[in-house]
Amino acid sequence: MSWTLIALLLLPLVGSLVVAFLKGNDRTAKLVALGFSLVELALAVVAWVAYDPSSGARLQLTSSVDWIPTFGVHLSFGVDGIALVMIALIAFLMPVVIGGAWSDKLPEGRSASGFFSLLLAMQTGMVGVFAATDVFLFYVFFEAVLVPMYFLIGRFGGPNRQYAAMKFFLYSLLGGLIMLASVIGLYVTSADKLGQGTLDWATLVTVMKDAPTSTQIWLFLGFFIAFAIKAPLVPLHTWLPDAGAEAPVGAGVLLVGVLDKIGTFGFLRYCLPLFPAASKQLAPLVLVLAVVGIIYGSLLAVGQTDMKRFVAYTSIAHFGFIALGIFAFSSQAGAGSVLYMVNHGISTGMLFLVVGMVMSRGGSRLIQDYGGMAKLTPVLGGLFFVAGLSSLALPGTNSFVSEFLVLIGSYPNQPVFTIISTVGMVLAALYVLWVYQRVFQGPVRGTALLNVAAGPGTATDPERSGIKDLNRREIAVLAPLVALVLVLGFYPKPVLDVISPSIGATLSEVGVTDPVAQEGK
Amino acid sequence: MTFLAQVELIKPPEIEYSAIAPVLIVLGAACVSVLFEAFLPKHQRWAAQVVLTMLTFIGAGTALGLYAGAETTTAQGITTLSGAVAVDRPVIFLWVTLLLLGFGSILLIADRSVEPGGAFVADAAVRPGTVQDRAQATRTGMQTEVFPLTLFALAGMMVFVAANDLLTMFIALEVLSLPLYLMCGLARRRRLLSQEAAVKYFLLGAFASAFFLYGLALLYGYAGSVKLADIATATAGSDKSDTLLFAGFGLLVVGLLFKASVGPFHAWTPDVYQGAPTPITAFMAACTKVAAFGGILRVLTVAFERTNWEWRGVLWGVAVASMVIGAVLGLTQTDVKRMVAYSSVAHAGFLLIGSISLTEQGLSGTLFYLLAYGFTTIAVFGVISLVRNADGEATHLSQWAGLAKRSPVLAGVFTFLLLALAGIPLTSGFVGKFVVFAAAIQDGLAPLVVVALVASAVAAFFYLRVIVLMYFSEPAPDGPTVTVPGAFTTIAITVGAAVTLVLGVWPSFALDWAGAGGFIF
Amino acid sequence: MLQPYLPLVFMFLLAGAFALFSVTAAPYIGPRRYNRAKLDAYECGIEPSPAPIVGGGRMPVAYYLTAMLFILFDIEMVFLYPFAVSADKLGLFGLVEIALFVATVGFAYAYVWRRGGLDWN
């Protein structure tokens, strides 16, 4: 019985309630929220230290009590390496997000305590999703996390927030309900086999191993559709640009950075081990969707005029790479995918934050409203460039390692798909650099910048333009992200060491032989 | 004169008084309640009726508790009154459910703080729309006849779920229906709408009763008996006319489905739910649903289980129709009460899925669903009765805009209840869906479950729309006010919401209790 | 086999004969005094086709009330007859049951009486 995960789960919930009651006292609410998120980060470090990758145990830090004995449902928690790095990623991003949203202008009549309370509530939900080791419990968190996100978008988002919130919720709910059918299906299958049904993940893995392929395919599809909506894979991605564009920056970071990873995490934790036969049979389908997503997301990112939608579309391309790595069934690609999930959270989170900082200065989301901004805000320009480079996977940044691992690991099994997906790398350089060039390079131009200027002729003068460079808070928020971009770019080993054994275990549950490992022998 | 000798000495049937005591108490109290109406002066009636009704519920609950508690654990139940009434585990569960939900409804009915004088007309004989009618709307009196009527209806429902032969069932059906027709017409405000609802319900209800009676007659012709057990025995032999059986079954079931407001026999539901006084709508939506499905479960399981191959396909289609009608037509509603009415049609479809599963799990799942749905519904209508303007309840959806700003607590409770209706985890609605769908998949109804899940997703849209209105829209300047409820309504809403939460988080107790045993006949 | 039903056949024959006799004999032996009410249907004082202006063609609601109450007690009588015929065979149980039944109808009667249902105006 390990209490670490339970503490990780409950702490933000308590924080959320405390912050909710600090209504009308925004400054205290923010400080308390930040305090809770920092303690949570410390707890995550404790969990990281306590986790032993070399022990060979599939799930660690476990705890379990009966919940609904009638259905064999337990309140059981535990992590493998994959879940652990995701929980660490949330814990790391949360203080950053809170710092980033510190002085956000909220829509009229909304209080900051509500905003930060919802952020912390979401953290509980996300930790729960990654830490649950009972399928029923996972489903509960999977749905429960929608509610705070729905309110974050709908109450604090951009002008079109109602539509975006509704679309986000309905897409996810539809996916969730389809998954519910599969969850029930798992229960029924286990009841047929064991007499008494269960929803314990580890038991189900052994039960489903020799379930008929047709059953597996049906149940796989239920989970897959839910995760494909979450992760977003083309053609189920259309909610993300809307939700990403309308969400407030802080919520957007969590949405794209962590919440969407539930989908790819779900592939690894549920689709592959529970339905090995179906996974192998349907892998080509998933790979097609992944590669289409890479190309399609990249092309649309190139064409975007709205910076937040641009970030959302780059994510769709990146999720294609992650899905490719997962369904290529090799240890390198798998580990690369999980690392990609972390790196994408860092680089896209950072990209979202810097876009938010640009917007808070110019008041517009449109690329055409800006130009030559680097002259006014050199530090912001530089950090935008770093975020962009990380996003396009330049060697030396974190994303390069993961993208390289995915491609090199996928090649032996899936050469065709891998080769096609490299086009995405080229397009990535195009869309990132082009946006950077339009917003930051050249002479100062664009209505957003000129409107803020105090008078004619002042716009190009950094001192008098009315556009200020990053303040200390903003630099403090971005600094840890930059640090991680570089550290993980040069020395990803600590993270990979945690991930790799779990990927190996997942692949052995699927029952595939690892082409890379074979060559090594 | 030999024919006189044919008259045997009539033996009175054996009566297990302790078993049927709850029904006798409710019926006896209803009679006393009528005498109160006859002999008490006007100003004393309300207080006397409330005290009597509360005592009735305590008395009936105690009697039921004593009987259920005194049972040995091996006894699954008994039949009494020459086998006309069965008191088995499902009946005890349904009786407890009916008494609890009836008590909740009575709290709403008795409330006089929300609307001065209560939700019921002060003088029913006044013609609607006249000067006298406007005068009665402001008077503080009410037609306290609603109390005996409620008790009679409740007693009818209790007999209905326990009836083990079709004739008793029919009598109970009338005893529960006739008071309801009257009660629908007793609204204090918008009396034409209310009276229209009463007439509509009465006419369509009379049709449904006729269908039931015709079916009963045909089944008697088929089996030579009205006892469910005898019909079951008759279906085992193959030499009888199937035409009689299936025509009888069809007509009988139409009558039952009408009462349960299952689509496509739902046409009365939206009009009646909208027109009836809100406390009565709560009573109908919660208790009538429980009674009707209690009857459906018993008839299908006891009398027609053997022939399920023949009729299951038909009810399959009916369930699909109900879910689709409820979910799709609910989308177009602009009145809160009509919206909840269509939601109840969709829920009736889900309940029907559980009812046609014909397994232990199907039975216990449906029973649990009824309990959960009933409490949520009572709380929903309790909340609806609080949002008012000068003309009474403000039920038009546009009037609910920005309600969260005026009354955050009320909006929060209503959001929670709507999420429960939508079936989001950690609410009783989710557990209810889970158990019913699990039973259905176990019994080979997987396609039906998929339809149900899609319908749930569609229905979620209109629940969400209300949440969007309450939270994300600005309140209208001349919008309704939220009345501060008195003790009765507060208790009803609090208990309803609390049970919704408790059954969502800790359903084991109720699940075990619902699955304690099957029907005795 | 059908012998027990023989009295019933007689009963039917007798009833038919009586009806036939009444209808045939009435014109011959009945007195004839013509007046306006005589020409109305039912001869009970109600205007069958309502006056077009007065009262908007409504029937006094008290008629329905009376009719309903009549049916109620009519049915009570219908139940009391078979009980009376076999009271000795039903014993104490039957007596208690019928007393309860009469009491139930009595409650309704008390309600109607106290609430003025029996007052014509």
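Residues numbered from 1 in each chain as written. Chains lettered and ligands numbered in written order. Predicted model: local features only at pLDDT ≥ 70, side-chain atom pairs only at ≥ 80, totals over all residues.

Caption draft 1: Seen up close, the sheet that holds strand E3 (residues 387-389) of chain B. Residue and element names in this part refer to chain B. Judged by pairing direction, the sheet is antiparallel, and its three strands sit side by side in the order E4-E3-E5 without closing on themselves. Because the sheet does not close on itself, it has two edges, and the strands there are strand E4 (392-393) and strand E5 (481-482). When E3 meets E5, the two strands line up antiparallel, connected through two bridges. Within the sheet, the bridge partner assigned to Arg 388 lies in E5 and is Thr 481. (Pairing = 2+ DSSP bridges. Helix = DSSP H or I, 4+ residues; strand = E, 2+ residues; numbered from the N terminus.)

Caption draft 2: Main features of the interface of chain B and chain A. In this complex, chain B contributes 25 residues to the contact, which on the side of chain A involves 28 residues. Looking at the side of chain B that touches chain A, the elements with two or more residues in it are helix H18 (428-442), helix H19 (446-472) and helix H21 (508-514) of chain B. The dominant element in the side of chain B that touches chain A, judged by the number of residues it contributes, is H19 of chain B, at eleven residues. Of the residues in the side of chain B that touches chain A, the class split is 19 nonpolar, four polar and two charged. (Contact = placed C-beta atoms within 7 Å. Nonpolar A, V, L, I, M, F, W, Y, C, P; charged D, E, K, R; others polar.)

Caption draft 3: Spotlight on the environment of Pro 241 of chain A. All names here are of chain A. Within the secondary structure, Pro 241 sits in helix H10 (residues 239-246). Put simply, Pro 241 and Gly 24 are 217 residues apart on the chain and 33 Å apart in space, counted from C-alpha to C-alpha. Residues in contact with Pro 241, not counting those within four places in the same chain, are Arg 309, Ala 312 and Tyr 313.

Caption draft 4: Quick peek at the UniProt feature "domain: NADH:quinone oxidoreductase/Mrp antiporter transmembrane" (unreviewed entry) in chain A. In the numbering used here, UniProt assigns the "domain: NADH:quinone oxidoreductase/Mrp antiporter transmembrane" (unreviewed entry) feature to residues 132-426 of chain A. Helix makes up 80% of residues 132-426 of chain A and strand 0%, with an end-to-end C-alpha separation of 38 Å. (UniProt positions renumbered as here; feature names shortened; annotations may be inferred.)

Caption draft 5: Representation of the packing of helix H7 (residues 161-194) of chain A against H19 of chain B within the structure. Between H7 of chain A and H19 of chain B, the least distance of the axes is 9 Å, while the angle of their chain directions is 155°. By the criterion of interaxial angle, the relationship of H7 of chain A to H19 of chain B is roughly antiparallel. The way H7 of chain A lies across H19 of chain B gives a crossing that is right-handed. Contacts from Arg 161, Gln 162, Met 166, Phe 169, Leu 170, Leu 173, Leu 174, Leu 177, Ile 178, Leu 180 and Ala 181 of chain A of H7 of chain A reach H19 of chain B at Val 449, Val 450, Leu 453, Ser 456, Ala 457, Ala 460, Phe 461, Leu 464, Val 468 and Phe 472 of chain B. Split by residue class, the contact of H7 of chain A with H19 of chain B holds 18 nonpolar, two polar and one charged. (Axes fitted to C-alpha atoms, helices over the stretch in contact; angles between N-to-C directions. Parallel < 35°, antiparallel > 145°, perpendicular 65-115°, else oblique. Left-handed = near helix turned anticlockwise from the far one by under 90°.)

Caption draft 6: Broad picture of unusual backbone geometry. Omega for the peptide link from Val 234 of chain A to Pro 235 of chain A comes to 10°, which places this bond in the cis form. In this structure, Ala 393 of chain A takes a positive phi of about 65° despite not being glycine. On the secondary structure map, Ala 393 of chain A appears in the loop between helix H16 (378-391) and helix H17 (398-410). Judged by local crowding, Ala 393 of chain A falls into the buried class, with 28 C-beta atoms found within 10 Å. A positive phi is found at Arg 190 of chain B, a non-glycine position, where the angle reads about 45°. Secondary-structure assignment places Arg 190 of chain B in the loop between helix H7 (166-184) and helix H8 (191-223). (Buried ≥ 20, exposed ≤ 12 C-beta atoms within 10 Å, placed from the backbone.)

Caption draft 7: Just the pairing of strand E2 (residues 85-88) of chain B, in detail. Residue and element names in this part refer to chain B. The alternating pattern of E2 places Val 85 and Val 87 and Ala 86 and Asp 88 on opposite faces, both of which are buried. Here strand E1 (residues 77-80) pairs with E2 via four bridges, running antiparallel. Across the sheet, residue Ile 78 finds its bridge partner in E2, namely Val 87. Between E1 and E2, which follow one another and run antiparallel, lie four residues, and Leu 81 among them has a positive phi close to 55°.

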